[in-house]
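The primary structure of each chain is shown beneath.
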Amino acid sequence: MEIKLDPSRDDLPLMANTSHMLVKHYVLDLEVDFESRIIEGTIVLFFEDGSRFRKQTSSTKETCQLASNKAYKFRTPELCHIPVTNARTTFNVGYSDFVICDKGEEDTSDKDGNHDNQEQASGISSSKYCCDTENHGREDFLLVLDCCDLSVLKVEEVDVAAVPGIEKFIRPSKLTTVSEELRNEIVHELVTLPAVHWRKQLDYFVRCSQAPSCGELFFDTDTWSLQIRKTGAQTATDFPHAIRISYKTKPEGQSVTWTSDQSGRPCVYTMGSPINNRALFPCQEPPVAMSTWQATVRAAASFVVLMSGENSAKPTQLHEGCSSWHYYVTMPMPASTFTIAVGCWTEVVPKKWSSNDLMIERPFPLSETDCRYVGVCSHMEYPCRFQNAAATTQKVIPHRVFAPGCLKGVCQEILLRLLPPCLSAAHSVLGSHPFSRLDILIVPANFSSLGMASPHIIFLSQSTLTGRSHLCGPRLCHEIAHTWFGLAIGARDWTEEWLSEGFATHLEDVFWAEAQQLAPHDAEEQRELRACLRWHRLRDELRNSPEEMQVLRPSKEKTGHVSDSGASVVKHGLNPEKNFMQVHYLKGYFLLRFLARRLGDKTYFSFLRKFVHKFHGQLILSQDFLQMLLENIPEEKRPDLSVENIFQDWLESSGIPKNFCPAATEVIHDKRVTF
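By convention here, each chain's residues receive numbers from 1 onward along its written sequence. Local features are withheld for residues below a pLDDT of 70 in this predicted model, meaning they are given only at 70 or higher, and side-chain atom pairs are given and counted only at 80 or more; totals for whole chains, interfaces and linings count all residues. As a convention, hydrogens and water are excluded, and side-chain values are obtained from all of the structure's heavy atoms.

A. Representation of the overall build of the chain within the structure. Secondary structure follows DSSP: runs of H or I at least 4 residues long count as helices, runs of E at least 2 residues long count as strands, and numbering of each begins at the N terminus. If you tally the helices and strands in the chain, you get 12 helices and 28 strands. In the chain, of all internal contacts separated by at least 6 residues, the share reaching a separation of at least 24 is 77%. Only the protein chains shown count as cover for residues, and all accessible areas are computed by the Shrake-Rupley method using a 1.4 Å probe. Of the roughly 27400 Å² of accessible surface on the chain, 49% is carried by carbon and sulfur atoms. Throughout, a contact is declared for two residues whenever any of their heavy atoms are within 4.5 Å.

See the structure below:
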């Protein structure tokens, strides 16, 4: 039985078949053209197939792509150079005809240990297709990537075996014949290099990305995806594990915004689109596709390129009037966290401050020995700061501030002074900073939010500077909190936004009180006042929003489930009302406030450090947090608390629990009013 998804519900499809091939690394080589408002270049994707990354194995044959009982029409390699606008194919998963099916055939695919997909959760079928009538009726594997508003020009297999020195990644017994198996083995050896060799790994990723082509691949696009196949490659294991895609963005693409900054200079940046980065580069959007990346971006010499990257990149002049910037990331994260901003930004340097200034940055003491958690991590291997004894004691990480030239003065007076105490406060509460450095950018006036955190970079609205430290400080603390909750620890299912926004909202008060060095009584009074204001905002929003939009876990028992291919949908992911709602922030905040009061602040934040240590570098669901928390609550403090009760009362129902009392006080003209 097939049911078509109702587009009026504004669910966001995640099309990539991550259960069969999982991207491990991206290499981007891009050029930014402000005249045409186009970013053009190549992206090379390095994959592992399901037989490599699955925790469970099966002897049954592999099934792959999304539902369609029609033939696919692919462009031939000779035609792949021709961009096609608004291409429509018989691939039956456009937004208006996204197919939802029951499991109409036997599930013969292996199961990914990262997915709880014993049931057809999202309903997207992984039934087979028939596309190669000249291959004696046998079917080719189809790689599906998330892609939207891109002009794909060419897709080709990369001949990684042609890279000089690559033989060190090949077992001697396999050196005799260059084959698909050999190339895929090279990619496997490269993506699984031990973390200690990360520099060599990045170097060879670049070398491989520049290797010659060993053949163009068939491809086609529809509204939400790019589909690629190679004749004769019938399984993911047979499919090329390194592919290069040549493409252009479109000026109307929703992943980036072309605009002018507050000084009237042109700029472009990723502003947190509901469709994430699929209109910036073809990728695997599902959070499970945690990857590393490196990018080289060319732009006119007058522009500064900022990006999610571990290094503080400096420009390299290519020729007169053109510079190149290179960034990299070694911590695997979802592609949705990738961020770029290109503009005539000015780096804001500090004035000389007095020795009594609260905001002075002091060097971190390398000799401290409070490193209880060093060396024990549960995530996939990467160069982790939690395993670095020096990093565990680094209270203030290196940071830079960028802004349009006209805002340089106010950034010096407010933002630069706030960064060290806010970073130090976050460290005092949660421990090691997950990232080694931080850039702050004051983004153009059309930015629709107060802030947005990405790996190694935070976007802040200029409006945060108007309220002096009392507005900028809490917002800065909120975005810094996302370093831990939202980035280092991500939601496995995007519908559970409260795992990011609820935590950041709860922690911003704690960080800000610590940054101000308030006395305990004053800190408590400030937190109570802010709780009161949030309570009123939440009540107003609950009165004026659809009940289905008030649920923090809308997929309920199917949360975290995906189809057999790995594809899924994000419930209400494209609903325009979501941009104006704060229920995930506020309701999540009050849930955490309720739990912290039950446990006691000291015990709760001690637990939170343990939780961060256990789950950093991983994706979680609500039950991961709640189960570990309840295990740390003494029996006498949790007679009516259980994961099931919290799900029912807080996460899977609209509104707020009937018997919940915020226990906040409102301070008005030095008088307390309890409600």
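B. Here's a closer look at the sheet that holds strand S8 (residues 213-216). Two strands qualify as a pair provided DSSP detects at least 2 bridges between them. What the eight strands build is an open sheet, ordered S8-S7-S11-S4-S3-S14-S17-S16; its pairing is mixed. Among the strands making up the open sheet, the edge pair consists of S8 and strand S16 (316-319). Averaged over all pairs of adjacent strands, the angle between strand axes in this sheet comes to 25°, irrespective of strand direction. In this structure, strand S14 (residues 290-300) lies alongside strand S17 (residues 322-334), joined through 10 bridges in antiparallel fashion. Paired with Val297 across the strands is Trp325, a residue of S17. Fitted lines through C-alpha atoms serve as axes, helices being fitted only where they are in contact, and the angles separating the N-to-C directions of these axes extend from 0 to 180 degrees. The strands touched by helix H2 (residues 180-191) are strand S3 (21-33), strand S4 (38-49), strand S7 (150-158), S8 and strand S11 (242-249); relative to S4, the strand with the most contacts, the crossing angle is about 95°.

C. Quick peek at the sheet that holds strand S19 (residues 346-348). Pairing in this open sheet of five strands is mixed, and the strands run S19-S20-S21-S23-S22 from one edge to the other. Each edge of the open sheet carries a strand with a single partner, namely S19 and strand S22 (451-454). Going across the sheet, the axis of each strand differs from the next one's by a mean of 25°, ignoring polarity. Relative to strand S20 (residues 399-403), S19 runs antiparallel, the two sharing three bridges. Along S20, the bridge assignment pairs Thr346 with Ala403. Sitting on the sheet, helix H6 (residues 468-481) touches strand S21 (438-442), S22 and strand S23 (457-460), and the angle it makes with S23 is about 145°.

D. Seen up close, the pairing of strand S15 (residues 304-307). Three labels apply to residues, based on accessible area from a 1.4 Å probe with only protein chains included: buried if under 20% of the type maximum, exposed if over 50%, partly exposed otherwise in between. What you see with S15 is no split at all: Val304 and Leu306 on one side and Val305 and Met307 on the other are buried throughout. Two elements, S15 and strand S18 (residues 340-343), share four bridges in a ladder whose sense is antiparallel. Bridging from a neighbouring strand, Met307 pairs with Ile340 of S18.

E. Just the nonpolar core, in detail. In these notes, a set of buried Ala, Val, Leu, Ile, Met, Phe, Trp, Tyr and Cys residues joined through side-chain atoms within 4.5 Å is what counts as a nonpolar core. Grouped together as the largest cluster of nonpolar side chains are 155 residues, with contacts concentrated most on Ile228, Ile245 and Phe625. For this core, the element with the most residues is helix H5 (residues 408-430), which contributes 12 residues.

F. Examining the pattern of salt bridges more closely. Salt bridge, as used here: a side-chain nitrogen of Lys or Arg that lies within 4 Å of a carboxyl oxygen of Asp or Glu. Enumeration over the complete set of coordinates arrives at 28 salt bridges. Between Asp439 and Arg437 there is a salt bridge whose closest N-O contact spans 3.0 Å. In terms of burial, Asp439 and Arg437 fall into one category: buried. Across the pair Lys578 and Glu497 runs a salt bridge whose closest N-O atoms are separated by 2.3 Å. Of the two residues, Lys578 sits in the loop between strand S25 (568-570) and helix H9 (583-599) while Glu497 sits in the loop between strand S24 (489-491) and helix H7 (498-516), which places them 81 residues apart along the sequence. Judged by relative accessible area, Glu497 falls into the partly exposed class, the value being 25%. Each of Glu157, Asp159, Glu180, Arg183 and Lys230 takes part in a single network of salt bridges with overlapping partners.

G. Representation of unusual backbone geometry within the structure. Although it is not a glycine, Arg37 sits at a positive phi angle of roughly 55°. Here Arg37 shows up in the loop between S3 and S4. Among the residues examined, Arg37 registers a relative accessible area of 39% and is labelled partly exposed.

H. Fine view of helix H3 (residues 198-209). Here H3 spans 16 Å end to end across 12 residues, near enough to the 16 Å set by a 1.5 Å rise per residue. Trp198, Gln201, Leu202, Tyr204, Phe205, Cys208 and Ser209 are the residues of H3 that are buried. Buried residues of H3, viewed axially, fall in a sector of 165°; they line one side. To estimate the expected span of a helix, count its residues, drop one, and scale the result by 1.5 Å. Directions pointing from the helix axis toward each C-beta atom define the arc.

I. Structural context of the packing of H6 against H7. Two numbers describe how H6 lies on H7: the axes approach to 8 Å, and their chain directions differ by 130°. With respect to each other, H6 and H7 are oriented oblique. For H6 against H7, the interelement crossing comes out right-handed. Residues Ser469, His470, Gly473, Pro474, Cys477, His478 and Ala481 of H6 pack against Glu501, Ala504, Thr505, Leu507, Glu508, Phe511 and Trp512 of H7. Roughly parallel covers angles under 35 degrees, roughly antiparallel covers those over 145, roughly perpendicular covers 65 to 115, and oblique covers all other angles. Each crossing gets its hand from how the near helix is turned against the far one by less than a right angle, where anticlockwise is left-handed and clockwise is right-handed.

J. Local environment of the side chain of Ser563. The topology assignment puts Ser563 in the loop between helix H8 (520-543) and S25. Any pair of N or O atoms that falls within 3.5 Å is considered a polar contact. Within protein, one atom must be able to donate a hydrogen and the other to accept it, and sequence-neighbouring residues count only if both atoms are side-chain atoms. Here Ser565 takes part through its side chain, which lies 3.0 Å from a polar atom of the side chain of Ser563.

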